[in-house]
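Below are the chains, spelled out letter by letter.
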Amino acid sequence: MTALDLLCRHLLGLGRVLLGYSGGVDSALLAVVGRRALGVDRFLAVIGRSASYPEVQWRSAVRLARDFDVPFLEVKTRELADPRYLGNSTDRCYFCKSELWARLGEVARERGFDTIIDGTNADDLGEHRPGLRAAEQRSVRSPLAELGWTKDAIRAASRELGLPSWDAPAAPCLSSRVAYGLHITPERLRQVEAGEAYLRGIGVSGDLRVRHHGERARLEVAPEQLARVREHWPAVVTFFSGLGFVMVELDPAGYRRGGLLAVAPGAPGL
């Protein structure tokens, strides 16, 4: 029995399933496999929409759902109305996910779904992810993590199934780009989203982040993409100045996960 067969069997044991669906690599795989295993009457992918959810991610999520006949629903989430979320502590994700799972819990109760699932994978379990606590409190299941699926395994299975998301870069919420301790605002999220769209527009590929440090923007791209950004540097500076940044810098170390955590207020060594 293949790993995909085991995942299908696992999902079949969860009753009627509702997926927290972002369109990222992990939830996209679950959306397609869940639809195939459970059918349209026993499976629903739900997208939580707010200003912190990238527009480009939303378009990809909707396109994949339509192309693979995945039933989906969009609900509004209100994390930006929570002052604890806006305060942007290192536990910010906990408040975001608490709001998301509360909204999806309402949908599950209203529509008679037995289980809510998310795309957490085995690699995520060793990282700083306060949102996992919110999922545990709401009894959200994580089939990929439960079966030991790593990100590499998920990408391989996604490629096997022909999913366009198989090689997509990681795309967490826009608030994850704002330095801890700096308040989350719709304007700051807009600056980050516009900045990253611009970098994609000049041909930067792979993982990238526009880290928002107030008046300063720090750009993180894959090491092999540094030369491309430097080639366009005068135009890059002009564009980011137009967004309202006083300073813009290119991080010579390149993209790294959790780049803001090391400089968060109260972080070890600070």
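Higher on the page you've got the structure.
Structural notes on the state of the cysteines
Logical step 1: Going through the model one piece at a time under the given rule, you end up with zero disulfides.
Logical step 2: Cysteine Cys93 is unpaired, with the sulfur of Cys173 as its nearest cysteine sulfur at 5.7 Å.
Logical step 3: Classification of Cys93 as partly exposed rests on a relative accessible area of 29%.

A look at the sheet that holds strand β3 (residues 72-76)
Logical step 1: Sheet architecture is open: four strands sit in the order β3-β2-β1-β4, paired in parallel fashion. The open sheet is flanked by β3 and β4 (115-117), the only strands paired with a single partner. Adjacent strand axes in the sheet meet at a mean angle of 30° when their direction is disregarded.
Logical step 2: Pairing between strand β1 (residues 17-20) and strand β2 (residues 43-49): four bridges, direction parallel. In the sheet register, Gly20 faces β2, and the bridge partner there is Val46.

Regarding the nonpolar core
Logical step 1: Ranked by size, the top nonpolar core spans 31 residues in total, and within it Leu19, Tyr21, Leu29 and Trp149 carry the most contacts.
Logical step 2: Mapped by element, the contributors of at least two residues to this core are α1 (3-12), β1, α2 (25-38), β2, α3 (55-67) and α8 (151-160).
Logical step 3: Here the element with the most residues in this core is α2; it accounts for eight residues.
Logical step 4: Not counting chain neighbours up to four residues away, the residues in contact with Tyr21 comprise Ser27, Ala28, Ala31, Ala45, Val46, Ile47, Ala61, Leu64 and Ala65.
Logical step 5: The next biggest cluster of nonpolar side chains, apart from the first, holds 25 residues, and it includes Leu44, Tyr85, Trp101 and Val192.

So, the packing of aromatic side chains
Logical step 1: Per the stated rule, a full pass over the model turns up four aromatic pairs.
Logical step 2: Residues Tyr94 and Phe95 carry aromatic rings whose centres are separated by 5.4 Å and whose planes lie at 75° to one another, so their mutual orientation is edge-to-face.
Logical step 3: Since its relative accessible area comes to 15%, Tyr94 is described here as buried.
Logical step 4: With a centroid separation of 6.1 Å and an interplanar angle of 45°, the aromatic rings of Phe240 and Phe245 are classed as tilted. Grouping residues by exposure puts Phe240 and Phe245 together as buried.
Logical step 5: A network of ring pairs unites the aromatic residues Tyr198, Phe239, Phe240 and Phe245 as a single cluster.
Logical step 6: Note that Arg16 overlies the ring of Phe113, its terminal NZ or CZ placed 4.1 Å from the centroid.

Some details on helix α11 (residues 233-243)
Logical step 1: Among all positions in α11, only Val236, Phe240 and Leu243 are buried. Take α11 and look down its axis: the buried residues cluster within an arc of 45°, on one side only. Across α11 from its buried face, at more than 90 degrees, point the exposed residues Pro234, Thr238 and Gly242.
Logical step 2: Here the buried face of α11 lies against α9 (186-201), β5 (208-213), β6 (216-221), α10 (226-231) and β7 (247-250).

The rules behind each value
- Residues numbered from 1 in each chain as written.
- Predicted model: local features only at pLDDT ≥ 70, side-chain atom pairs only at ≥ 80, totals over all residues.
- Heavy atoms only, no water.
- Disulfide = S-S within 2.5 Å.
- Buried < 20%, exposed > 50% of the residue type's maximum accessible area, 1.4 Å probe, protein only.
- Pairing = 2+ DSSP bridges.
- Helix = DSSP H or I, 4+ residues; strand = E, 2+ residues; numbered from the N terminus.
- Axes fitted to C-alpha atoms, helices over the stretch in contact; angles between N-to-C directions.
- Core = buried A, V, L, I, M, F, W, Y, C linked by side-chain atoms within 4.5 Å.
- Contact = heavy atoms within 4.5 Å.
- Phe/Tyr/Trp six-rings, centres within 6.5 Å; stacked < 30°, edge-to-face > 60°.
- Lys NZ or Arg CZ within 6 Å of the ring centre and 35° of its normal.
- Arc of directions from axis to C-beta.

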